[in-house]
Amino acid sequence: MNCINYVCKCFKHYADFKGRANRCEFWSFLIFCEIITSILIILDNHVCPESWHHGFIGLILESFSSGYSIPYLLHWYEQHPDIPEGFGIITLIWTIIIMLPCIALSVRRMHDINMSGWFVIVAYIPLIGWGWFFIYSLLRGSEEENNYGPKPVAEKCCAPGL
């Protein structure tokens, strides 16, 4: 299965919190989302630069999409007044679209290593949570059927080593 198929699979199962997601599916989707988000931020800045600031809601969604805490983002924007705060309406819409698929995929990724999907909440603890979730998302899934279902079908991954 190539990267595009994994991305399509994630959107197809956008609200599926059951089952398992292997590392390749997880990282293919996240990298795809980061690339699209980066492109949309640039597009937002050029198409509608006046809509960059969206207040607290924008910061919450930016925190979700970037993984940084809201206090960190507020402090960072204070230190860099030349950088627009938040992001534009196009990126805001994209972030809302990918929010549920990202959460569902993260839950399925935790299931693959035989952990409860509730451990995804740990990722929202600044620094410690990000590191913890990153390390656990890199772990190889259970080789056999676990509490959350059978092992995902082993298919060729688009990223070497995953």
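Our subject is the structure listed above.
Keep in mind the model is a prediction, meaning the values are calculated, not measured. By convention here, each chain's residues receive numbers from 1 onward along its written sequence. Totals for whole chains, interfaces and linings use all residues, but because this is a predicted model, local features are given only for residues with pLDDT of at least 70 and pairs of side-chain atoms are given and counted only at 80 or more. In computing side-chain properties, one takes all heavy atoms of the structure into account and sets aside hydrogens as well as water.

Would you take a moment to explain the overall build of the protein chain for this structure?
Within the protein chain, the secondary structure is distributed over six helices and zero strands. Reading the protein chain from its N terminus to its C terminus gives the helix and strand order α-α-α-α-α-α. Any residue under 20% of the maximum accessible area for its type is buried, any over 50% is exposed, and the rest in between are partly exposed; the area is computed with a 1.4 Å probe on protein chains only. In the protein chain, which comprises 162 residues, the proportion classed as buried is 40%. Surface accessibility follows the Shrake-Rupley procedure with a 1.4 Å probe radius. Residue values consider only the protein chains on display as shielding. Here the protein chain displays about 9,300 Å² of accessible surface, and carbon together with sulfur accounts for 69% of that area. In DSSP terms, a helix is any run of H or I states spanning at least four residues, a strand is any run of E spanning at least two, and both are numbered starting from the N terminus.

Got a minute to help me understand the packing of helix α5 (residues 89–112) against helix α6 (residues 128–138) in this structure?
Contact geometry of α5 with α6 gives a least axis separation of 9 Å together with a crossing angle of 60 degrees. The pairing of α5 with α6 is recorded here as oblique in orientation. For the pair α5 and α6, the sense of crossing is left-handed. Between α5 and α6, the residues in contact are S106, R109 and M110 and W132, F133, Y136, S137 and L138, respectively. Along the lines of polarity and charge, the residues of the contact of α5 with α6 split into five nonpolar, two polar and one charged. To get an axis, fit a line to the C-alpha atoms, keeping to the stretch in contact for a helix; angles then go from 0 to 180 degrees between the N-to-C directions. We call two directions roughly parallel when the angle between them is under 35 degrees, roughly antiparallel when it is over 145, roughly perpendicular when it lies between 65 and 115, and oblique otherwise. Handedness of a helix crossing follows the sense of rotation of the near helix relative to the far helix, less than a right angle counterclockwise being left-handed and clockwise being right-handed. Throughout, a contact is declared for two residues whenever any of their heavy atoms are within 4.5 Å. Residues were grouped as follows: Ala, Val, Leu, Ile, Met, Phe, Trp, Tyr, Cys and Pro as nonpolar; Asp, Glu, Lys and Arg as charged; and all remaining residues, including Gly, as polar.

So what exactly am I meant to see when it comes to the packing of aromatic side chains here?
How two aromatic rings sit relative to each other is set out by the distance from centre to centre and by the angle between their planes. Each Phe, Tyr or Trp ring (for Trp, its six-membered ring) is paired with any other whose centre lies within 6.5 Å, and the angle between the two planes then decides the class: stacked below 30 degrees, edge-to-face above 60, tilted in between. What the rule picks out here adds up to nine aromatic pairs. Between the aromatic rings of W27 and F134, the centroid separation amounts to 5.8 Å while the plane-to-plane angle is 80 degrees, which identifies the pairing as edge-to-face. Separated by 107 residues along the polypeptide, W27 in helix α2 (residues 23–47) and F134 in helix α6 bring together distant segments of the chain. Classification of F134 as partly exposed rests on a relative accessible area of 44%. Seen in terms of ring centroids, F32 and W94 are 6.2 Å apart; in terms of plane orientation they differ by 70 degrees. Their pairing is edge-to-face. You can see F32 sitting in helix α2 and its partner W94 sitting in helix α5, a full 62 residues away along the chain. The exposure class of F32 is partly exposed, given its relative accessible area of 25%. Note on W94: relative accessible area 11%, which makes it buried. One aromatic cluster in this structure is built from F11, F29, F32 and W94.

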